[in-house]
There are 2 protein chains.
Amino acid sequence: MNGRQSGRPTLEQVAARAGVGRGTVSRVINGSPRVSEQTRTAVARAVAELGYVPNQAARALAGSRTDAIALVIPEAEARLFAEPYFLDLIRGVSAELAEADKQLLLTLVRSEQERQRFEQYLAAQRVDGVLLASVHGDDPLPERIRELGLPVVMNGRRSEAEPVPYVDSDNIGAGRAAVAHLVARGRDRIATVTGPLDMYVARARLGGYRAGLTEAGLPPDEELVSAGDFTEAGGRRAMRLLLDRRPDLDAVFAASDVMAAGALGVLREAGRRVPEDVALVGVDDSPVARLMDPPLTSVRQPIEEMGRTMARMLIQEIQKGSATPEEPRKRVLPTELIVRSSC
Amino acid sequence: MNGRQSGRPTLEQVAARAGVGRGTVSRVINGSPRVSEQTRTAVARAVAELGYVPNQAARALAGSRTDAIALVIPEAEARLFAEPYFLDLIRGVSAELAEADKQLLLTLVRSEQERQRFEQYLAAQRVDGVLLASVHGDDPLPERIRELGLPVVMNGRRSEAEPVPYVDSDNIGAGRAAVAHLVARGRDRIATVTGPLDMYVARARLGGYRAGLTEAGLPPDEELVSAGDFTEAGGRRAMRLLLDRRPDLDAVFAASDVMAAGALGVLREAGRRVPEDVALVGVDDSPVARLMDPPLTSVRQPIEEMGRTMARMLIQEIQKGSATPEEPRKRVLPTELIVRSSC
DNA sequence: GACTAGTGTGGGAGCGCTCCCATCCTTCCG
DNA sequence: CGGAAGGATGGGAGCGCTCCCACACTAGTC
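Every value quoted in this text rests on a predicted model; they were computed, and no experiment measured them.

### Focus: helix α9 (residues 171-184) of chain B
An α-helical turn contains 3.6 residues, so any two residues separated by three or four positions project in the same direction.
All names here are of chain B.
Phase 1: Here α9 is 14 residues long and its end C-alpha atoms lie 20 Å apart, about the 20 Å a rise of 1.5 Å per residue gives.
Phase 2: Turning to α9, its buried residues number three or more, namely Asn171, Gly173, Ala174, Gly175, Ala178, Val179, His181 and Leu182.
Phase 3: Immediately beyond the C-terminal end of α9, within one or two residues, lies Gly186, with a positive phi of roughly 85°.

### Section: the sheet that holds strand β12 (residues 336-338) of chain A
Within a sheet, each strand pairs with its neighbour through backbone hydrogen bonds, oriented either parallel or antiparallel.
Residues and elements named next belong to chain A.
Phase 1: The sheet built from 6 strands is open, its strands ordered β7-β6-β8-β9-β10-β12 with mixed pairing. Whereas interior strands pair on both sides, the edge strands pair on one side only; in this sheet they are β7 (225-227) and β12. For this sheet, the mean angle separating the axes of adjacent strands, direction not counted, is 20°.
Phase 2: Here 3 bridges tie strand β9 (residues 279-283) to strand β10 (residues 297-300), and the two strands are oriented parallel to one another. The partner of Val281 across the bridge, within β10, is Thr297.
Phase 3: Its contacts with the sheet place helix α9 (residues 171-184) against β6 (190-194), β8 (251-254), β9, β10 and β12, and it is angled at close to 165° to β8.
Phase 4: Contacting β6, β8, β9 and β10, helix α12 (residues 257-269) crosses the sheet at an angle of about 155° to β9.

### Quick notes on the protein's contact with DNA strand D
Phase 1: For DNA strand D, the set of nearby residues contains 26 residues, the closest of which are Gly21, Thr24 and Thr39 of chain A together with Leu11 and Tyr52 of chain B.
Phase 2: Taking the atoms of DNA strand D that fall within 4 Å of the protein, sugar and phosphate contribute 59% of them.
Phase 3: Between DNA strand D and Leu11 of chain B there is a distance of 2.6 Å, counted from a phosphate oxygen to a backbone nitrogen or oxygen.
Phase 4: Here a base oxygen of DNA strand D sits 3.0 Å away from a polar atom, N or O, in the side chain of Arg22 of chain B.
Phase 5: Of all elements in the fold, only α2 (22-29) and α4 (56-63) of chain A together with α2 (22-29) and α4 (56-63) of chain B reach the threshold of two or more residues within the surface near DNA strand D.
Phase 6: The residue makeup of the surface near DNA strand D, split by class, is 9 nonpolar, 11 polar and 6 charged.

### So, the domain arrangement of chain A
Phase 1: Domain parsing of chain A yields domain 1 (11-54), domain 2 (68-169 + 304-333) and domain 3 (171-300).
Phase 2: Using C-alpha coordinates to define each centre, domain 1 of chain A is positioned 62 Å away from domain 3 of chain A.

### Brief notes about the protein's contact with DNA strand C
Phase 1: Close contacts around DNA strand C come from 26 residues, with Leu11 and Tyr52 of chain A together with Arg22, Thr24 and Thr39 of chain B the closest.
Phase 2: The sugar-phosphate portion of DNA strand C accounts for 58% of its atoms within 4 Å of the protein, the bases making up the rest.
Phase 3: Interatomic distance of 2.9 Å between a side-chain N/O atom of Arg59 of chain A and a phosphate oxygen of DNA strand C.
Phase 4: Those elements that place two or more of their residues in the surface near DNA strand C are α2 and α4 of chain A together with α2 and α4 of chain B.
Phase 5: A per-class count over the surface near DNA strand C returns 9 nonpolar, 11 polar and 6 charged.

### Details of the interface of chain B and chain A
Phase 1: In this complex, chain B contributes 49 residues to the contact, which on the side of chain A involves 48 residues.
Phase 2: The contact between chain B and chain A buries some 4,600 Å² in all, and 57% of this surface belongs to carbon and sulfur atoms.
Phase 3: Considering only the surface of chain B that becomes buried against chain A, Arg91, Gln103 and Leu291 of chain B emerge as the three largest contributors, covering 14% of it.
Phase 4: At the boundary of chain B with chain A, the tally comes to 5 salt bridges.
Phase 5: For Arg91 of chain A, the salt bridge is made with Glu75 of chain B, and the minimal N-O distance between the two is 3.2 Å.
Phase 6: The tally of links from chain B across to chain A stands at 19 residue pairs in polar contact (both at pLDDT 80 or more).

### Some thoughts on the pattern of salt bridges
For side chains bearing opposite charge, pairing can occur when the charged atoms are close.
Phase 1: Inspection of every chain in the model, using the stated rule, returns 69 salt bridges over all chains.
Phase 2: For the salt bridge of Asp293 of chain B with Arg268 of chain A, the shortest nitrogen-to-oxygen distance reads 3.3 Å. Of this pair, Asp293 of chain B sits in the loop between α13 (287-291) and β10 (297-300) while Arg268 of chain A is found in helix α12, placing the two residues in two different chains.
Phase 3: Here Asp293 of chain B falls in the partly exposed class, since its relative accessible area comes to 34%.
Phase 4: Between Asp88 of chain B and Arg91 of chain B there is a salt bridge, with its nearest N and O atoms 2.9 Å apart. A residue pair is termed a helical-turn pair when its members lie 3 or 4 positions apart in one helix, as Asp88 of chain B and Arg91 of chain B do in helix α6 (residues 84-99) at 3 residues.
Phase 5: Three or more residues joined by partner-sharing salt bridges are found here, namely Asp188, Arg189, Asp221, Arg246, Asp248 and Asp250 of chain A.

Calculation notes
- Residues numbered from 1 in each chain as written.
- Chains lettered and ligands numbered in written order.
- Predicted model: local features only at pLDDT ≥ 70, side-chain atom pairs only at ≥ 80, totals over all residues.
- Heavy atoms only, no water.
- Helix = DSSP H or I, 4+ residues; strand = E, 2+ residues; numbered from the N terminus.
- Expected span 1.5 Å × (residues − 1).
- Buried < 20%, exposed > 50% of the residue type's maximum accessible area, 1.4 Å probe, protein only.
- Pairing = 2+ DSSP bridges.
- Axes fitted to C-alpha atoms, helices over the stretch in contact; angles between N-to-C directions.
- Contact = heavy atoms within 4.5 Å.
- Near = heavy atom within 4 Å.
- Polar contact = N/O pair within 3.5 Å; in protein donor to acceptor, adjacent residues only side chain to side chain.
- Nonpolar A, V, L, I, M, F, W, Y, C, P; charged D, E, K, R; others polar.
- Domains from an automatic or database assignment.
- Buried area = accessible area lost by both parts, 1.4 Å probe.
- Salt bridge = Lys/Arg side-chain N within 4 Å of Asp/Glu carboxyl O.

Shown next as structure tokens:
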């Protein structure tokens, strides 16, 4: 508040006040060890007195790093997924970034046009790295970003053999755990409502379901498999189909809670009691599962932890400065069956 | 990929290629009218050929604007609110910002420490303005930000007479609409489960409830009012209390869907049928409402539209450059009753 | 036909940092 | 006791833009 000296103080002003050079202040700010204790204290005082905060734009320009990362979420998926999924993910990412003192740039991509604009942003060097949520099987974005020389970490993968670093939950394990639990409850005509099979996550859960049957010595039966699309309506449709084809089914593994909710509605309408006649298991452990009647047994994914892990991996990738070209890193986090009264 | 010329092309290189000066290229990029059509074309071609994208840091440094805005969400609230609330809000903000070609910096504030760090970010001039979600009654943050000279727009307000620009939904109208609907269905012992009364939104919905009763000529009755906290557990507690005090109640207006879900559970346990014995209305029109059994009548807020409006207001505020000190702007968006079978 | 008004245009002067080289002062060694 | 080897420090040279002033030119004006 020094009269004419409007605007925020600069490095130079701090230097003047502390009676040292610009370089020295910069060193103190950035924690370089090559500064005497005495000088460090003097500078720290000047910083405090002036309320100095380094200008981010200048830093980015001179140092060519932004201390910001982008999280990209396709809008279509944001609507579709179990509601709190992305919020939990964001929460995890945000927490980890805050610890590393980095900024989170959130990008919801709505259209092809917006996707291209996003690539422009990247080229404008606004961020040091990119996190990608729910990438589809044929999405070239990860490769494009790498071409720009930016580190990427994805949430989920596009296929079994994903070349780009990713963090995923154990979707196969999820399917297996669900089936194993149903088998343990004495069910042996277990159907499944899958997600859209062009998504790896859906295929993985289906794969887990099949593995679970095999492990229990139950024969696979394609009539017991029906494809949904992660929406309630899709769940209803798939359930009706299943009931048509196999009225004798005694359990359903739905690849998401929302689809399970749809399935539950259809089962009710068909006069089946849950869990007495048909046992039901979902995936996500969303609030919906808790509030359903009966409360839904569901496989929980550690979403927030996935977010944290992604952020951690990305930061590491950024720091190593694309030097060591070591193995692309992959991480698969375990899921957990939350048992409630729907089975 | 021109051999030695590593890194991204600069303004200067575009200028050289187009055979013009730096200033001219800058003018073309920024759409200044003072450029001949011919030059404009030549520059555009050079830009395209080189794949030039302006460096954001340099722009920010030279022009002292970042083309980014921050959206601040208190983490505590993020957990508490009806789940998709913030995602919808983000969606609206994001959409509007994308149109204006601005970046969204998302900040989840978890602790006092993080809040202070956030103020540092602001001081580092990373953003041109701030959007604040769910600010509490005694939160000094809006004023702090204004002191830094940054425009602010809030989602919701801290009190009836909020001095800072905000966008809110018509919470009073929400309460009134709910009560009016219940009255129209012949209910006259209408209880309410409120939110935490230190939040304006909770007080407003309660106020609407009371206004609705008055308008219907029903006497107010404090025994029919019980405070929840926007959680399911809080809804259950409040509902039990109400049932204790007034076993003869025939309708409940819960100030959120999640609390309504809690209330529904308690009502069931108490052997009341919904809607036959007790009619139920919630607020938010969240997915939970749709999936409940019976599906819940609920008052919808235009959350996404609130996000868009906030962003629009903020952008306007930024553009006018704190010149015209006109009235702080407030906007209250209408709510809508979505009737389902719970009443 | 000299004079005023514009239009386009070029390029200098920063914006506030980081990087890095040169300098100075110690300290330690033979 | 001279010289080598470091540690601490100052400050020049950018980073890639925007701003703005100066300088052509071109058209009009009396």
